Amino acid sequence: MNFYIDSADIEEIKIANERGWVDGVTTNPTLVAKSGRPHHEVIKDICSVVDGYVSAEVLSMDTDGMLKEGRELAKIHDNVVVKIPMCEDGLVAVKKFAAEGIKTNVTLVFSPLQALLVGKAGATLCSPFVGRLDDIHHDGMELISQCMQIYENYDISTQVLVASIRHPMHILESALMGADVVTVPFKVLKGLTKHPLTDKGIAQFLKDGEKIVQ
Ligand code: E4P
């Protein structure tokens, strides 16, 4: 399973990358705005640090605008994946980008039938959002299982990228289901190394280590 970091903060991306936790990056307009830096500059910097797909989102809501923005983003680096919001115009853009060899990630997917359309359009990645579904009392992980089943049934090569991850259980369930990619906030990535029994065990070993005869 590939781990992406869901971030536009170059410092935390560098740390996560050095730790070997990062196979790619997803950004979105909220994260880029938070960085306080120009969009293209942020994407260029991320591509210089991480050797993997970097999703960069368009803001246009019509096909022509998406194509224009996406082609400019794709010029930044070969690893740029143009992130397109789930909508009718977006699916048309995805099909055109696929014909041009430009990679796409369709975002804000909340139903299995949206995911089927994303796959049929030829997207590289499909991003179902689990946390935002859980937030409104729906089962986010059930959506992942349905997307994966549909892609398997029809031999669709689009990868399922589990997005809007809130906690480690989303990652564990994704791994058990065999999801292709998870995109994870830095804080949650860091938490994966932790276990209270590990900390307790280390403290005990260090204490006992002091008693080893020299
Ligand atoms: C994915 O590509 C999105 O950027 C992200 O996972 C959204 O997560 P959120 O629901 O925590 O904003």
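Each remark here, short or long, concerns the structure printed above.
An account of the accompanying structure is given in this report. (Residues numbered from 1 in each chain as written. Predicted model: local features only at pLDDT ≥ 70, side-chain atom pairs only at ≥ 80, totals over all residues. Heavy atoms only, no water.)

### Focus: the pairing of strand β3 (residues 54–57)
Alright, step 1. A two-sided burial pattern is seen for β3, the buried positions comprising V54 and A56 on one face and S55 and E57 on the other.
Alright, step 2. With two bridges joining them, strand β2 (residues 24–26) and β3 adopt parallel strand pairing. Looking at the pairing, T26 lines up with S55 of β3.
Alright, step 3. Alignment of β3 against strand β4 (residues 80–85), held across four bridges, turns out to be parallel. Looking at the pairing, E57 lines up with K83 of β4. (Buried < 20%, exposed > 50% of the residue type's maximum accessible area, 1.4 Å probe, protein only. Helix = DSSP H or I, 4+ residues; strand = E, 2+ residues; numbered from the N terminus. Pairing = 2+ DSSP bridges.)

### A short note on the side chain of T63
Alright, step 1. Relative to the assigned elements, T63 resides in helix α4 (residues 63–76).
Alright, step 2. Among the residues examined, T63 registers a relative accessible area of 11% and is labelled buried.
Alright, step 3. Filtering out sequence-adjacent residues up to four positions away, T63 remains in contact with D89, V92 and A93. (Contact = heavy atoms within 4.5 Å.)

### Overview of the site of the ligand
Alright, step 1. For the ligand, the full set of nearby residues is D6, T26, N28, K83, F129, R132, A163, S164, R166 and T183.
Alright, step 2. Within the contact set of the ligand, an oxygen atom lies 2.7 Å away from a side-chain nitrogen or oxygen of N28.
Alright, step 3. Note that an oxygen atom of the ligand is positioned 2.7 Å from one of the side-chain N or O atoms of R166.
Alright, step 4. The protein chains hide 85% of the 340 Å² of surface that the ligand would expose on its own.
Alright, step 5. Of the residues assigned to the shell around the ligand, the class counts are two nonpolar, four polar and four charged. (Near = heavy atom within 4 Å. Polar contact = N/O pair within 3.5 Å; in protein donor to acceptor, adjacent residues only side chain to side chain. Areas by Shrake-Rupley, 256 points an atom, 1.4 Å probe, with all protein chains shown as cover. Nonpolar A, V, L, I, M, F, W, Y, C, P; charged D, E, K, R; others polar.)

### Describing the pattern of salt bridges
Alright, step 1. According to the stated counting rule, one finds eight salt bridges in the structure shown.
Alright, step 2. For K83, the salt bridge is made with E57, and the minimal N-O distance between the two is 3.7 Å. Of the two residues, K83 is situated in strand β4 and E57 in strand β3; the sequence distance between them amounts to 26 residues.
Alright, step 3. Under the relative-accessibility criterion, K83 is labelled buried at 5%.
Alright, step 4. Classification of E57 by relative accessible area gives buried; the value is 10%. (Salt bridge = Lys/Arg side-chain N within 4 Å of Asp/Glu carboxyl O.)

### Overview of the pairing of strand β6 (residues 125–128)
Alright, step 1. Here β6 shows a buried face lined by L125 and S127 and a second buried face lined by C126 and P128.
Alright, step 2. When strand β5 (residues 104–109) meets β6, the two strands line up parallel, connected through three bridges. Bridging from a neighbouring strand, N105 pairs with L125 of β6.
Alright, step 3. Handedness of the crossover joining β5 and β6 through helix α6 (residues 112–121) is recorded here as right-handed. (Right-handed = clockwise from strand over helix to strand, strands pointing away.)

### Observations concerning the sheet that holds β6
Alright, step 1. Strand order in the closed barrel formed by eight strands is β1-β2-β3-β4-β5-β6-β7-β8, with parallel pairing between adjacent strands. The average undirected angle you get between the axes of adjacent strands in this sheet is 30 degrees.
Alright, step 2. Pairing between β6 and strand β7 (residues 159–162): two bridges, direction parallel. Along β7, the bridge assignment pairs L125 with Q159. (Axes fitted to C-alpha atoms, helices over the stretch in contact; angles between N-to-C directions.)

These figures capture arrangement, not role.
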